[in-house]
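Residues per chain are reported as follows:
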Amino acid sequence: MTAVAEAGQARPLMPVEQALAQLLALAEAAPIRETENLPLAEAEGRVLATDLVASLDLPPWPNSAMDGYALRSADWQGQPLPVSQRIFAGHAPRPLQPGTCARIFTGAPVPEGADCVEMQENTEVLEDGRVRFLETLQTGQNIRPQGQETRKGEQVMSAGTRLGPIELGLAATLGHGRLDVVRKVRVAVLSTGDELVEPGLPLGPGQIYNSNRRLLVSWLQRLGCDVVDAGILPDDLARTRACLGSLGDVDLILSTGGVSVGEADYLGAALREAGELALWKLAIKPGKPLTFGHFQGVPVIGLPGNPASTLVTFGLLTRPYLLRRQGVADVTPLRFDMPAGFDWHKPGTRREYLRARIEQGRVCIYKNQSSGVLRSAAWAEGLVEVREGSTPKPGDSVPFIPFSELLG
Ligand SMILES: Nc1nc2c(c(=O)[nH]1)N[C@H]1C(S)=C(S)[C@@H](COP(=O)(O)OP(=O)(O)OC[C@H]3O[C@@H](n4cnc5c(N)ncnc54)[C@H](O)[C@@H]3O)O[C@H]1N2
Ligand code: MOO
Ligand SMILES: [Mg+2]
């Protein structure tokens, strides 16, 4: 083997889709099977473990969509009707007395015998209390029929649904106080690099602050993971080996740095030595040296150390992997085709993800796209994808992925 090939330069780069497909297949081969039954208040951000089936009709009974009057449309021939009862939400009505109407309020049960509700704006109350209806009435108007939204026994959410505010609200409408969810994914976060110092401490010569740790720990927490923060690991093969073997019962070791071809890049070396390196070198920019392997059976994702590379490879490859481990089917972020507001001269051999934002309806890119510049991402609202070999010009349609699609 030549020195060049040893350094990994001869190896063709793997397309992003292929790498993602492999990662998702690896995630499916190692699903998190344990579940827990949680109250709704604790289920936010978690993944539903079993299909949710409606145990009642929704609405459970016909109810009024308006404040007004309930009546039987056939009883009305143009004459005013007396009011025989008042029905408030939360109270059971009596059957409607024929030839009368019932005062009714939004959400109150429609009494047996009534088949329409007229909103009060279309009525006139006479001095003797009777109600005159000013417009023609239609059977069923302003009534929300029983089971209109959901029928008892219908599946309303499938296993693998991520529970956000809307899904939790839906479970609540069906009366579920608790849900079966997949247990949290346990992720150990490791920052490799002799140069790293935690924010708040003084910087020595050649040192920089560890930003990847904060970025990843916060992001993982948002994704509903249990984080084991393993701190900083110095650039040393023996310590890398020892550390990887000491992280205990975790579902994933997620590290940053030490995956390229430098003489102090030991993460890849440790995985290679353990004979379990599955994925390395992708056609993605930033993020080429992303590494996937196993160490003593524990999956390891080694993100490249440059902060923007960490961000892109976590968002586009690690996040879907983590969600799929929990059984989430749809892990693809939405991409919006937008007109480019930039001119890209240089056709790349890697798919580029530029930090970008929308200005006057066009995708604009940050002036410095170096993978070391995290400020580019703070300025940006998302990533614009520039495919291998393409050179978008202003006005060309380009796919834009908002950060909101990746962060939660
Ligand atoms: N000869 C080659 N050199 C490099 C190649 C290559 O193909 N051939 N690839 C480059 C690319 S692309 C990337 S990306 C980086 C990835 O390097 P590593 O993952 O090995 O990461 P390090 O070398 O440890 O660090 C890279 C860079 O990031 C800074 N860093 C690391 N960790 C942190 C952290 N926790 N917080 C903030 N900043 C961090 C580190 O100081 C370096 O500046 O390799 C290229 N080289
Ligand atoms: O892929 Mo590296 O992430 O370009 O800097
Ligand atoms: Mg390196």
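Residues numbered from 1 in each chain as written. Chains lettered and ligands numbered in written order. Predicted model: local features only at pLDDT ≥ 70, side-chain atom pairs only at ≥ 80, totals over all residues. Heavy atoms only, no water.

Labelled according to an unreviewed UniProt entry, the protein appears under the name Molybdopterin molybdotransferase MoeA, originating from Pseudomonas kurunegalensis.

Our next topic: the environment of Ser246. Locating Ser246 in the fold gives a position in the loop between helix H5 (237-244) and strand E17 (252-256). For the pair Ser246 and Ala230, spaced 16 residues apart in sequence, the C-alpha to C-alpha distance is 9.9 Å. (Helix = DSSP H or I, 4+ residues; strand = E, 2+ residues; numbered from the N terminus.)

Every residue near ligand 2 is listed here: Pro286, Gly287, Lys288, Asn306, Ser309, Arg350 and Ser371. The contact in question runs from an oxygen atom of ligand 2 to an N or O atom on the backbone of Lys288, over 3.0 Å. Taking Ser371, its side chain carries an N or O atom lying 2.4 Å from an oxygen atom of ligand 2. When grouped by side-chain class, the residues that make up the shell around ligand 2 number one nonpolar, four polar and two charged. (Near = heavy atom within 4 Å. Polar contact = N/O pair within 3.5 Å; in protein donor to acceptor, adjacent residues only side chain to side chain. Nonpolar A, V, L, I, M, F, W, Y, C, P; charged D, E, K, R; others polar.)

Turning our attention to the pairing of strand E4 (residues 68-71). In this structure, E4 lies alongside strand E6 (residues 101-104), joined through three bridges in antiparallel fashion. Residue pairing in the sheet places Tyr69 in a bridge with Arg103 of E6. The pairing of E4 with strand E7 (residues 116-119) spans four bridges and is antiparallel. Of the residues in E7, the one forming a bridge with Leu71 is Cys116. (Pairing = 2+ DSSP bridges.)

Within the element layout of this structure, Arg213 appears in helix H4 (residues 212-222). On the accessibility criterion, Arg213 (19% relative accessible area) is buried. At 2.9 Å, the side chain of Arg213 and the side chain of Asp229 are in polar contact. The residues contacting Arg213, other than those within four sequence positions of it, are Ser191, Glu198, Asp229 and Gly231. (Buried < 20%, exposed > 50% of the residue type's maximum accessible area, 1.4 Å probe, protein only. Contact = heavy atoms within 4.5 Å.)

Residue placement: Gly297 occurs in the loop between strand E20 (291-295) and strand E21 (298-303). Expressed as a C-alpha distance, the spacing of Gly297 and Thr123, which sit 174 residues apart in the sequence, is 74 Å.

What follows concerns the layout of surface pockets. The computed volume of the largest pocket comes to approximately 460 Å³. For the lining of the largest pocket, the element with the most residues is strand E23 (residues 351-359), which contributes four residues. In terms of residue class, the lining of the largest pocket is built from nine nonpolar, 13 polar and 10 charged. Considered as a void within the structure, the second largest pocket measures approximately 220 Å³ in volume. (1 Å grid on protein atoms, 1.4 Å probe; cavity = no way out; pocket = protein on both sides within 12 Å on 5 of 7 lines; lining within 4 Å. Points joined across faces, edges and corners; volume = space filled by probe spheres on them.)

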